Amino acid sequence: MEPSNYSTNRIRRPLGAGVAVVALLVGGTATASAAPLSPGSVAEKCGYLGWGKYNHCDGGSGATVMLDVEDLWGGISLVCVRPGITDVQPYVDYRVTGAWWNGGVGCAPGGHS
């Protein structure tokens, strides 16, 4: 039997990634801080890649975004990322099981709560 939030997360993650790309085309500001693992290639999908990795596709705007990062126990942490692939696992106490854009744009990369 699947957990009750399973279907919600399956819809929310891809939808959040798509909305993030559209919102970032509108604009945002980038600030210097922790760098992503790689710039991300066209072949990579946008959004949560698994194993604690998140690919923020920005359409060339350079905007940063705030993510909701879910851990193994369902806890949510906020993590700001810049464009490209970022390992969000260091910002969460337990294993990351998902991450999605929560609507925040223009944050300081590496910032979290």
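Predicted model, so just to flag it, every value in this text is computed and none were measured.

(A) Structural view of the overall build of the chain. The helix and strand inventory of the chain stands at one helix and six strands. Listing the helices and strands of the chain from first to last along the sequence gives α-β-β-β-β-β-β. Out of the 113 residues belonging to the chain, those deemed buried represent 37%. The contacts of the chain with a sequence gap of at least 6 include a subset with a gap of at least 24, amounting to 71%. Within the structure as shown, the chain displays about 6200 Å² of accessible surface, and the carbon and sulfur contribution to it stands at 61%.

(B) Examining the pairing of strand S4 (residues 76-81) more closely. Where strand S3 (residues 65-71) meets S4, six bridges bridge the pair, whose relative direction is antiparallel. Looking across to S4, one finds that Val 69 is bridged to Ser 77. In sequence, S3 turns back onto S4 through a hairpin of four residues, with Gly 74 there showing a positive phi of about 90 degrees.

(C) Expanded view of the pattern of salt bridges. What the rule picks out here adds up to one salt bridge. Of the charged contacts in the structure, one is a salt bridge between Lys 53 and Asp 87, with a shortest N-O distance of 3.9 Å. Pair noted here: Lys 53 is in strand S2 (residues 53-56) and Asp 87 is in strand S5 (residues 84-87), with a separation of 34 residues, a long-range link. Judged by relative accessible area, Asp 87 falls into the partly exposed class, the value being 23%.

The rules we used
Residues numbered from 1 in each chain as written. Predicted model: local features only at pLDDT ≥ 70, side-chain atom pairs only at ≥ 80, totals over all residues. Heavy atoms only, no water. Helix = DSSP H or I, 4+ residues; strand = E, 2+ residues; numbered from the N terminus. Buried < 20%, exposed > 50% of the residue type's maximum accessible area, 1.4 Å probe, protein only. Contact = heavy atoms within 4.5 Å. Areas by Shrake-Rupley, 256 points an atom, 1.4 Å probe, with all protein chains shown as cover. Pairing = 2+ DSSP bridges. Salt bridge = Lys/Arg side-chain N within 4 Å of Asp/Glu carboxyl O.

In short, the description is geometric, and any link to function would need to be established separately.
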